[in-house]
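# Examination of the molecular architecture
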Amino acid sequence: MTAQPTAPTSVSEASSLLAAASDDPRLQSLATWLSGLAEPFSLDMAQWAPASADASFRRYFRIGSFDPAHPSLIVMDAPPPQEDCRPFVHVAQLLDEAGLQAPKVLAEDLTQGFLLLTDLGNQTYLDVLDDDNARPLMRAALDALIVWQKSSRADVLPAYDTALLQRELDLFPDWYIGKHLKVELTADQRATLDRINQLLIDNALAQPKVFVHRDFMPRNLMPGLPGTTGPGILDFQDAVYGPLTYDVISLMRDAFLSWDEERQLDWLAYYWERARKAGLPVDADFGEFYRQAEWMGLQRHLKVLGIFARINYRDGKPRYLADTPRFIDYARKVAERYAPLRPLARLLDTLTDQQVDVGYTF
C-alpha cells in the first residue's frame, strides 16, 4: 500500500538529500544511474526530493526535468531481493494498453531495482474527496475499473488461487490475533475460523475471473492531470487474475475512509448496471452480486488486519495499526448479516469485546 505522494520540496531540501547519498549506498547507486539518464531525459539533478512513503520496502523520489512537457518525473527504488520491479513494468503496460492512466516506465534497471516513471501529480483521491465531489470521482474510478476488467485475459497475470487466498487469510490469526492481541485460539475457535475461511475461499473461486488490482482504493487513485481522462492508477504491481468483485468492494470499504451504506449501495448499483452493459459477467441478480462482494470484502478485511499488524511488528511501521478498528467494524457487519458467517461475528466479539449495528441485511 502506497502513501500519497508529497509535494516537491525546495531545491535546498533536494540538494541535502543528494548530499545524504554518501550515507546510503542504494541512494548513491540510484544517483549514479540517474546521472546516466540526465541528458536523454533532461533531468535536473538538483531537484530531487522524496515523493512518497510506502508500506513496503519501495521508495519514491520526484526529480525535476528541464522538459516543459514533463517538469518532473518519479524515480522508484525497489531493492532486490525484497522487491521485484518486473510485475510493476508488466502491469503498467497492461494498463496503458487498456487506455488507462498509470505511470509510464521511461527507463529501467531491473537488476538494481530502479525505474524512471512519468509523474501523475501530487494529489490522490484521499487528498481531495469530499461530500461535493465524491459521487463523480467514485463513478470515474468505477468506470476505469470496468475498462480494466474488460481488458482481462487469462494466463497474463498470476492466478488468485486457493493457495494465495489461504496465505492471505492466515495473516489474520498469525499476526493480528496471535501477535497483536496476544491470544491463542482454542481448538474450537480455530475450527470456526477454518470453516469461515473455506466459505470465503469458495466464494472467491466461484466468481468470474478478471484482472484484479488488489489495492484499488482512494489512496492509490489520482484525480488525473489537466487534459487527461479518468483517474491515475498507482500501486498496481500485485495485480492478479481473480474474483470479479474484489476491486469494487475494495474501493467502497477502504483502509482510510468510511462511507455510509447508502452511498456504498448507490455506487455498487452504478457499477453493477454499467458492468452489465459493458458485457462483464456480473450476476444478473443484484442481491447475489452484493453478497458475493460482501463475502469477498470480508476476505480482504481479515487479510488487511493481519497485514497492518505485520507491518507494525515485523517492519516497525506502527501508523497502520490505527486503522484496524475500521476493518474490525467492516468484518463484524458483514459476518453478522449472513447466517453462515455469524460464528465469525461471535469470535470477533470475543476477541475484541465489541458489538456493532449491522445496518442493511440481505
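This structure is a prediction, so every number in the text was calculated from the model and none was measured.

Attention now moves to the sheet that holds strand S5 (residues 114-118). Spatially, five strands are ordered S1-S2-S3-S5-S4 in an open sheet, and the strand pairing comes out antiparallel. Each edge of the sheet is formed by a strand with only one pairing partner; in this case those strands are strand S1 (43-52) and strand S4 (105-109). The average undirected angle you get between the axes of adjacent strands in this sheet is 25 degrees. Pairing of strand S3 (residues 72-77) with S5, which is carried by five bridges, proceeds in the antiparallel orientation. Paired with Ile74 across the two strands is Leu117, which belongs to S5.

Each aromatic ring pair is summarised here by two numbers: the centre-to-centre distance and the angle between the ring planes. The full count for this structure, using the stated rule, is 16 aromatic pairs. Judged by centre distance (5.0 Å) and plane angle (85 degrees), the ring pair of Trp259 and Trp267 falls under edge-to-face. An identical accessibility class is assigned to Trp259 and Trp267; each is buried. Of the aromatic side chains, those joined through ring pairs into one cluster are Tyr271, Trp272, Phe286, Phe289 and Tyr290.

This part is about the pairing of S4. The pairing of S4 with S5 spans four bridges and is classified as antiparallel. Paired with Glu108 across the bridge in S5 is Leu115. Linking S4 back to S5 in an antiparallel pair, the connection comprises four residues, with Gly113 at a positive phi of about 85 degrees.

A few words on unusual backbone geometry. Of note, the bond from Pro80 into Pro81 is cis; its omega dihedral lies within 30 degrees of zero at 5 degrees. Turning to its location among the elements, Pro81 is positioned in the loop between S3 and helix H3 (86-97). Even without being a glycine, Arg214 presents a positive backbone phi close to 85 degrees. As for its placement among the helices and strands, Arg214 is situated in the loop between strand S6 (209-212) and strand S7 (221-222). A relative accessible area of 17% means that Arg214 is categorised as buried.

Before going further, it helps to examine the packing of helix H10 (residues 286-313) against helix H11 (residues 324-337). Interaxial distance between H10 and H11 falls to 9 Å at its minimum, and their mutual angle equals 145 degrees. Pair H10 / H11 crosses with left-handed handedness. Every residue of H11 that contacts H10 at Tyr290, Glu294, Leu298, His301, Val304, Leu305 and Phe308 is listed here: Thr324, Phe327, Ile328, Tyr330, Ala331, Val334 and Arg337. Residues of the contact of H10 with H11, tallied by class, amount to ten nonpolar, two polar and two charged.

Another point: helix H7 (residues 187-206). Counted at 1.5 Å a residue, the expected span for H7 with its 20 residues is 28 Å, and the 29 Å between its end C-alpha atoms agrees. Looking at the buried positions of H7, the neighbouring elements they touch are helix H6 (162-180), strand S9 (240-243), H10 and helix H12 (342-352).

With respect to the helices and strands, the residue Asp44 is situated in strand S1. Although Asp44 is buried, it makes no salt bridge; Arg62 carries the closest opposite charge, 13 Å away. Leaving out residues up to four positions away in the same chain, Asp44 has contacts with Ile63, Gly64, Ser65 and Phe66.

Grouped together as the largest cluster of nonpolar side chains are 102 residues, with contacts concentrated most on Trp148, Tyr271, Leu341 and Leu344. It is H10 that provides the largest number of residues to this core, a total of 14 residues. Residue contacts for Tyr271: discarding those within four places in its chain leaves Leu142, Leu145, Ile146, Gln149, Leu244, Val248, Leu280, Val282 and Phe289. Membership of the second largest hydrophobic core comes to 16 residues, among which are Leu30, Ala31, Trp33 and Leu34.

In the contact formed by H6 and H7, the axes pass within 10 Å of each other and the chain directions differ by 145 degrees. Where H6 crosses over H7, the handedness of that crossing is right-handed. Residues Thr162, Leu165, Gln166, Leu169, Asp170, Phe172 and Pro173 of H6 touch H7, and the partners they reach there are Arg190, Leu193, Asn197, Leu200, Ile201, Ala204 and Leu205. Per-class residue counts for the contact of H6 with H7 are nine nonpolar, three polar and two charged.

As a further point, take the pattern of salt bridges. Tallying each qualifying case throughout the model produces 26 salt bridges. Residue Glu168 is joined to Arg214 by a salt bridge in which the shortest nitrogen-to-oxygen separation is 2.4 Å. Of this pair, Glu168 sits in helix H6 while Arg214 sits in the loop between S6 and S7, and the two are 46 residues apart along the sequence. The partner of Asp349 in a salt bridge is Arg346, and the shortest N-O contact between them spans 2.9 Å. Within this pair, Asp349 and its partner Arg346 are both found in helix H12, separated by three residues, close to a single helical turn. Taking the relative accessible area as the measure of exposure, Arg346 reaches 40% and is therefore partly exposed. When salt bridges that share partners are traced, they join Asp24, Arg26, Arg59 and Asp77 into one network.

Scoring rules and cut-offs
- Residues numbered from 1 in each chain as written.
- Predicted model: local features only at pLDDT ≥ 70, side-chain atom pairs only at ≥ 80, totals over all residues.
- Heavy atoms only, no water.
- Pairing = 2+ DSSP bridges.
- Helix = DSSP H or I, 4+ residues; strand = E, 2+ residues; numbered from the N terminus.
- Axes fitted to C-alpha atoms, helices over the stretch in contact; angles between N-to-C directions.
- Phe/Tyr/Trp six-rings, centres within 6.5 Å; stacked < 30°, edge-to-face > 60°.
- Buried < 20%, exposed > 50% of the residue type's maximum accessible area, 1.4 Å probe, protein only.
- Left-handed = near helix turned anticlockwise from the far one by under 90°.
- Contact = heavy atoms within 4.5 Å.
- Nonpolar A, V, L, I, M, F, W, Y, C, P; charged D, E, K, R; others polar.
- Expected span 1.5 Å × (residues − 1).
- Lys, Arg positive; Asp, Glu negative; His and termini not counted.
- Salt bridge = Lys/Arg side-chain N within 4 Å of Asp/Glu carboxyl O.
- Core = buried A, V, L, I, M, F, W, Y, C linked by side-chain atoms within 4.5 Å.

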